[in-house]
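Each chain, written out:
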4 protein chains.
Amino acid sequence: MRNVIKSKFEIFKQKTHIIIYGTNTAAGRFFDLVLLGLILLSVILVMLETIKGFDANYHWYLIRLEWIITFFFTIEYVLRIITLKKPKTYILSFYGIIDLIAILPMYLSFFVAGSSVFSVIRALRLLRLFKILNHPQFSNQSTHLRDSIIASRGRILVFMYFMLISCIIIGSVMYVVEGEQAGFTSIPVSIYWCIVTLTTVGFGDITPITPLGQFIASFVMIMGYGVIAVPTGIVTAEMAKNTLRSNESENTVCQKCNSSKHLNNAKFCQKCGSKL
Amino acid sequence: MRNVIKSKFEIFKQKTHIIIYGTNTAAGRFFDLVLLGLILLSVILVMLETIKGFDANYHWYLIRLEWIITFFFTIEYVLRIITLKKPKTYILSFYGIIDLIAILPMYLSFFVAGSSVFSVIRALRLLRLFKILNHPQFSNQSTHLRDSIIASRGRILVFMYFMLISCIIIGSVMYVVEGEQAGFTSIPVSIYWCIVTLTTVGFGDITPITPLGQFIASFVMIMGYGVIAVPTGIVTAEMAKNTLRSNESENTVCQKCNSSKHLNNAKFCQKCGSKL
Amino acid sequence: MRNVIKSKFEIFKQKTHIIIYGTNTAAGRFFDLVLLGLILLSVILVMLETIKGFDANYHWYLIRLEWIITFFFTIEYVLRIITLKKPKTYILSFYGIIDLIAILPMYLSFFVAGSSVFSVIRALRLLRLFKILNHPQFSNQSTHLRDSIIASRGRILVFMYFMLISCIIIGSVMYVVEGEQAGFTSIPVSIYWCIVTLTTVGFGDITPITPLGQFIASFVMIMGYGVIAVPTGIVTAEMAKNTLRSNESENTVCQKCNSSKHLNNAKFCQKCGSKL
Amino acid sequence: MRNVIKSKFEIFKQKTHIIIYGTNTAAGRFFDLVLLGLILLSVILVMLETIKGFDANYHWYLIRLEWIITFFFTIEYVLRIITLKKPKTYILSFYGIIDLIAILPMYLSFFVAGSSVFSVIRALRLLRLFKILNHPQFSNQSTHLRDSIIASRGRILVFMYFMLISCIIIGSVMYVVEGEQAGFTSIPVSIYWCIVTLTTVGFGDITPITPLGQFIASFVMIMGYGVIAVPTGIVTAEMAKNTLRSNESENTVCQKCNSSKHLNNAKFCQKCGSKL
């Protein structure tokens, strides 16, 4: 009797595993779509709750729906853990942590009022879309994008460091030049203004009023405008390299020396000279 | 007698077809120019109608002119249909639908006051310019542009999806940090602010006032400034590939020396001088 | 006696010609520098004149100095004409017209008060710097820049045309959605707002206040942010082509067929196969 | 006795030199990290001092800490000089001047009140990070970045000169069109507005209110939006050239088949398989 229950449970675990983790079966695909839909709905619910007029009228329904979704997510989280043989890797993975964090705020709202707003962290679960859409062409483009950004990371950090030092210096100068009556109340605020200006955002909440301040601001703006070329250039050059590298095929592996980097139309291995 | 009328009607249809759809005859070109001029005039009329001072003085003339143009467009639309053998393809085509939508608002204004403002949709008819200017070089550039955008569509969508999720998270954080007194009245409004900031637009209608809010805003701005490199890089890499590829063909390989790098229209191998 | 005067005048004309038009002699270079300095000074004077506090105190000096410079420019203009054999080409050239326009506003200010402000057009004379600095490397870069912009002109115009039509449509939609209380007082004003938003300038003088308006605005901003990739991509691809074309030398001209387009290390003419 | 002291001093100088200037020993690395930490702390202190509420409560601690750091920097500066054989090159180097300027403001604050704010110049000392991190890959990227910027310097200057002249002309036109009631109080202010608009910053402190002014502003914005492609294109093309060039060498020509397209580290011809 016990064995039957156990084996039934095993079968249930297997089937659930296929539905939850698999994307090949119809049930698996359906589950993923429902999940994504619920995540989206849940994020929208949290948003609606913060709109005064809407919340006043429909608070009861919003809270009810959120609890239902949270309950579903909790079951899903438990099932994800019990259907795995080594649940630890999932629990400690990026998606595992997100899945846990996504349900906690609602339970926390029992103890800390207003913490349900943090349920919005569920938006991160929308990244699951990439898991569902693991179409080769799609994930290729995603990888391509990531590779280009990673390859240009170093140069972008150097650039950002220079910009930050520039912002500290310029911000301090503006604090001295403009002073408090123009809204430059402290050096951190001036640095904030400098970032607003340098990135060409230009809120206009703080603006220079003295001729010298406006002159320095003009300089900062031109600098920001010209200097945007730098990160753009870095990423573009990296992407162009990757895009053009279709020239260079990594598929033809030399049978003799195992070297895999050849030009597209290469007939002989460039490392050992043997025919490809 | 009937036959004569019919054949006359057939001749009229043929001639009209050449004028309306053709761009090679003088009459056809003239018709296209007049049409484009009327579309432009009509769009300007709708605009002028919304300017209070102007409309008060010239309302009578504006309405009269708009009706004349609408009448002309109606006749044109009818002629476009009857001069075709298979009018269905035109009616359901992009231009066919636009042409219909362009005349409807005026007739609708009999029943629904103020609907004449939607006549501005006629601006879409200005896209006809590309049909008129079907110069090969010109349409080449248009195709080139479209191809590059289509080729980079996938990566741009992935990028946009990430940005959207980021905006939801950051918007919610700002809602919690800044609260209502700074104008962050709800999460959707905060997301709107985040998009305004991330895209470096920076209206300044909502701005952070707390130090922490300004710090997060700085982070968002730098992110937006650095991250603009990504769509730019994607499109540029694609365009560079297309532009560079037109220059050099790697297909013509010299039979004598195996060299494959030649200019597009090369007739002789640049390495050994043998005929390609 | 007459001949002597005439020949003296001829010599004077020749010498003046060398000083005014030449850039090789010390006197010619000195004249150019003085001229550039005076143009700059003149532009600064016009600017200072518009600053209320400054003008009130130094009006007498400003006007006096401007007249002196105008007088000098007038003499220079006359000399430029009389020292040329065919002055017509100069008078009708870009620089000739600018030189004339640069002196007219001051003389016009006798008849029309306040027209002296147009003397600022003299700023265009600063373009002469490029004539003075006609260093080969420098003019190369200038040509390179111009070529890239001209080559990408067609595609940029197509792009701008699409953007303009989009702005008309979106502007009208925003006019209907937001209406006058949000500052969208007419369709032209809404189009102005749309351009402000799409180009990521974001003045904030007109901002959407309804949720739907903010949603459409978000869409416009993301579009503007993503779409900036297009002109950048066009120009960059063109520049990359030109920069990389250092691959392709236009210097080696085939002696047999006069063809000048060869790859850098070409040994045989790609058109006729003869040795280079 | 004297010799002993002298030789001890020599040993002290040597040891100190290794610690201060070296980055290979543990002590040297530790010193650099402490130094960087102190610079950062010092910059933060100056910032905090300008925040009214914070300074009021902790003024005593802030001033004390700043003096301690200044004292440390002074000792460091003296040690840097005495441990060198030819201190002149250090004193007159970029870092030497920065190191001196970094300590002066505090001492100056004895004589001129409020000058301690200039201690923020210490932020420039943060550039030392690049000296500490002189990892080859890192400095490669830094060099790569600098080379690309230097190579595109000429074209960017030409571009900026054109933009400046455009801003003067457009600024003056806007001054005439909009006048003082819209905030365009003088030509320099109008030029400031033009730079704000052209660089797509758009503070919104000054905005056109007349239809003609808004039309010109639209033109300036579109120009700024389109023209950002130019500096971006320049830098990107330069970077793409450098990035792509590292990939493929055109120098190694196969002696047998004359093919010149090989990967950088190719040892055998990819066309005919013969040794390069």
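None of these values were measured; they are calculated from a predicted model. (Residues numbered from 1 in each chain as written. Chains lettered and ligands numbered in written order. Predicted model: local features only at pLDDT ≥ 70, side-chain atom pairs only at ≥ 80, totals over all residues. Heavy atoms only, no water.)

J.: Give me the overall build of chain A: which residues, what numbers.
T.: Helix and strand counts for chain A come out as 11 helices and two strands. Of the regular secondary structure in chain A, the N- to C-terminal order runs α-α-α-α-α-α-α-α-α-α-α-β-β. Within the span of chain A, comprising 276 residues, buried residues form 51% of the whole. Contacts in chain A between residues far apart in sequence, at least 24 positions, make up 52% of those at least 6 positions apart. In the structure as shown, chain A presents an accessible area of about 13,800 Å², 69% of it carried by carbon and sulfur atoms. (Helix = DSSP H or I, 4+ residues; strand = E, 2+ residues; numbered from the N terminus. Buried < 20%, exposed > 50% of the residue type's maximum accessible area, 1.4 Å probe, protein only. Contact = heavy atoms within 4.5 Å. Areas by Shrake-Rupley, 256 points an atom, 1.4 Å probe, with all protein chains shown as cover.)

J.: Please give an account of the pattern of salt bridges that cites residues and values.
T.: All names here are of chain D. Taken as a whole, this structure holds 24 salt bridges over all chains when the rule is applied. In this structure, Lys13 engages Glu10 in a salt bridge whose closest nitrogen and oxygen atoms are separated by 3.8 Å. With Lys13 and Glu10 both in helix H1 (residues 2-21) and three residues apart, this pair spans about one turn of that helix. When its relative accessible area of 36% is taken as the criterion, Glu10 is described as partly exposed. (Salt bridge = Lys/Arg side-chain N within 4 Å of Asp/Glu carboxyl O.)

J.: Break down the UniProt feature "transmembrane region" (unreviewed entry) in chain A for me, with residues and values.
T.: In this numbering, the UniProt entry assigns the feature "transmembrane region" (unreviewed entry) to residues 30-48, 60-79, 91-121, 156-177, 189-209 and 215-237 of chain A. With 96% helix and 0% strand, residues 215-237 of chain A has end C-alpha atoms that lie 34 Å from one another. (UniProt positions renumbered as here; feature names shortened; annotations may be inferred.)

J.: Explain unusual backbone geometry to me, and be specific about the residues and the numbers.
T.: One non-glycine residue, Thr200(A), adopts positive backbone phi at about 60°. Position of Thr200(A) among the secondary structure elements: in the loop between helix H9 (187-198) and helix H10 (211-227).

J.: Give a detailed account of the domain arrangement of chain A, specifying residues and quantitative values.
T.: Per the domain assignment, the segments making up chain A are domain 1 (2-132) and domain 2 (136-251). Centre-to-centre separation of domain 1 of chain A and domain 2 of chain A, based on C-alpha positions: 38 Å. (Domains from an automatic or database assignment.)

J.: Can you break down a nonpolar patch on the surface residue by residue, with the values?
T.: Together, Leu100(A), Leu104(A), Leu108(A), Phe110(A), Phe111(A) and Val112(A) make up an exposed nonpolar region whose accessible area comes to about 630 Å². Locating Leu104(A) in the fold gives a position in helix H5 (residues 94-108). (Patch = residues over 30% accessible without salt bridge, like charges linked within 9 Å, V, L, I, M, F, W, Y side chains within 5 Å.)

J.: Which residues make up the side chain of Thr232(D), and what values go with them?
T.: As for its placement among the helices and strands, Thr232(D) is situated in helix H11 (residues 229-245). Take Thr232(D): its relative accessible area is 3%, and that puts it in the buried class. If sequence neighbours within four positions are ignored, Thr232(D) has contacts with Ile228(A), Ala229(A), Thr232(A), Thr232(C) and Thr236(C).

J.: Please provide a residue-by-residue account of the packing of helix H8 (residues 153-178) of chain B against helix H10 (residues 211-227) of chain B, values included.
T.: Residues and elements named next belong to chain B. At their nearest, the axes of H8 and H10 sit 10 Å apart, and the two run at 170° to each other. In terms of their interaxial angle, H8 and H10 are classed as roughly antiparallel. When you trace H8 past H10, the crossing you get is left-handed. From H8, Phe159, Met163, Ser166, Ile170, Val173, Met174, Val177 and Glu178 reach across to H10, where they touch Leu212, Gly213, Gln214, Ile216, Val220, Met223 and Val227. Counted by class, the contact of H8 with H10 contains 11 nonpolar, three polar and one charged residues. (Axes fitted to C-alpha atoms, helices over the stretch in contact; angles between N-to-C directions. Parallel < 35°, antiparallel > 145°, perpendicular 65-115°, else oblique. Left-handed = near helix turned anticlockwise from the far one by under 90°. Nonpolar A, V, L, I, M, F, W, Y, C, P; charged D, E, K, R; others polar.)

J.: Would you mind going over the packing of aromatic side chains in detail, with residue names and values included?
T.: Residue and element names in this part refer to chain B. Within the structure shown, the criterion is met by 45 aromatic pairs over all chains. When the centroid spacing of 6.3 Å and the interplanar angle of 90° are considered together, the rings of Tyr21 and Tyr90 count as edge-to-face. Separated by 69 residues along the polypeptide, Tyr21 in helix H1 (residues 2-21) and Tyr90 in helix H4 (residues 87-92) bring together distant segments of the chain. On the accessibility criterion, Tyr90 (7% relative accessible area) is buried. Each ring, one from Tyr77 and one from Tyr90, has its centre 6.1 Å from the other, and the planes form 50°; the classification is tilted. Taken together, the positions of Tyr77 in helix H3 (residues 52-82) and Tyr90 in helix H4 put the pair 13 residues apart, joining distant regions of the chain. There is no split in this pair, since Tyr77 and Tyr90 are both buried. (Phe/Tyr/Trp six-rings, centres within 6.5 Å; stacked < 30°, edge-to-face > 60°.)

J.: Which residues make up the environment of Ile222(A), and what values do they have?
T.: Mapped onto the fold, Ile222(A) is located in helix H10. The class of Ile222(A) is partly exposed, set by a relative accessible area of 26%. Ile222(A) sits 24 residues away from Leu198(A) along the chain, and the two C-alpha atoms are 8.3 Å apart. Look past the residues within four positions of Ile222(A) in its chain and what remains in contact with it is Met160(D), Ile195(D) and Thr199(D).

J.: Break down the environment of Met47(B) for me, citing the residues and quoting the values.
T.: With respect to the helices and strands, the residue Met47(B) is situated in helix H2 (residues 26-50). Judged by its relative accessible area of 14%, Met47(B) falls in the buried class. Taking C-alpha positions, Met47(B) is 9.8 Å from Ser119(B), a pair spaced 72 residues apart along the chain. Excluding residues within four positions of it along the chain, Met47(B) makes contact with Ile168(C), Ile187(C), Pro188(C) and Ile191(C).

J.: I'd like a rundown of empty space enclosed by the protein, residues and numbers included.
T.: Counted under the stated rule, the structure contains four cavities of 30 Å³ or more. In this structure, the largest cavity encloses a volume near 120 Å³. Taken together, Thr200(A), Ile228(A), Thr232(A), Thr200(B), Ile228(B), Thr232(B), Thr200(C), Ile228(C), Thr232(C), Thr200(D), Ile228(D) and Thr232(D) form the lining of the largest cavity. Here the residues of the lining of the largest cavity sort into four nonpolar, eight polar and no charged. (1 Å grid on protein atoms, 1.4 Å probe; cavity = no way out; pocket = protein on both sides within 12 Å on 5 of 7 lines; lining within 4 Å. Points joined across faces, edges and corners; volume = space filled by probe spheres on them.)

J.: If you had to explain helix H8 (residues 187-198) of chain C to someone new, which residues and values would you point to?
T.: All names here are of chain C. Under the 1.5 Å per step criterion, the end-to-end length of H8 is 16 Å for 12 residues, consistent within 8% with the ideal 16 Å. The buried fraction of H8 is high, at 11 of 12 residues. Thr200, located one to two residues past H8, shows a positive phi value of around 60°. (Expected span 1.5 Å × (residues − 1).)

J.: Explain helix H9 (residues 187-198) of chain D residue by residue, including any values.
T.: Considered for burial, the residues of H9(D) that qualify are Ile187(D), Val189(D), Ser190(D), Ile191(D), Tyr192(D), Trp193(D), Cys194(D), Ile195(D), Val196(D), Thr197(D) and Leu198(D). Turning to H9(D), the residues buried within the fold contact H10 of chain A, helix H2 (26-50) of chain C together with helix H8 (153-178) and helix H10 (211-227) of chain D.

J.: Got a sec to walk through the side chain of Thr200(B)? Specific residues and values, please.
T.: For Thr200(B), a relative accessible area of 5% puts it in the buried group. The contact partners of Thr200(B), leaving out residues within four places of it in the chain, are Thr199(A), Thr200(A), Val201(A), Gly224(B), Tyr225(B), Thr200(C) and Thr200(D).

J.: Give me the lowdown on the state of the cysteines, citing residues and values where you can.
T.: Residue and element names in this part refer to chain C. What the rule picks out here adds up to zero disulfides over all chains. Left without a disulfide partner, Cys194 is nearest to the cysteine sulfur of Cys167, which lies 3.7 Å away. For Cys194, a relative accessible area of 0% corresponds to the buried category. (Disulfide = S-S within 2.5 Å.)

J.: Please set out the packing of H2(B) against H8(C) residue by residue, giving values where relevant.
T.: At their nearest, the axes of H2(B) and H8(C) sit 7 Å apart, and the two run at 105° to each other. Judged on the interaxial angle alone, H8(C) and H2(B) are roughly perpendicular. On H8(C), the residues touching Val46(B), Met47(B) and Thr50(B) of H2(B) are Ile187(C), Pro188(C) and Ile191(C). Of the residues that constitute the contact of H2(B) with H8(C), the class distribution is five nonpolar, one polar and no charged.

J.: Which residues make up the confidence of the model for chain A, and what values go with them?
T.: Residues and elements named next belong to chain A. When pLDDT is averaged across chain A, the result is 82; 84% of the residues are at 70 or more. Averaged pLDDT values over the elements of chain A bottom out at 45 in strand S1 (residues 248-249) and peak at 93 in H9. Across the predicted assembly, pTM comes out at 0.85 and ipTM at 0.83. (pLDDT = per-residue confidence, 0-100.)

J.: Got a sec to walk through the environment of Leu157(D)? Specific residues and values, please.
T.: If you trace the backbone, Leu157(D) turns up in helix H8. Sequence separation of Leu157(D) and Pro231(D) is 74 residues, and the distance between their C-alpha atoms is 9.7 Å.

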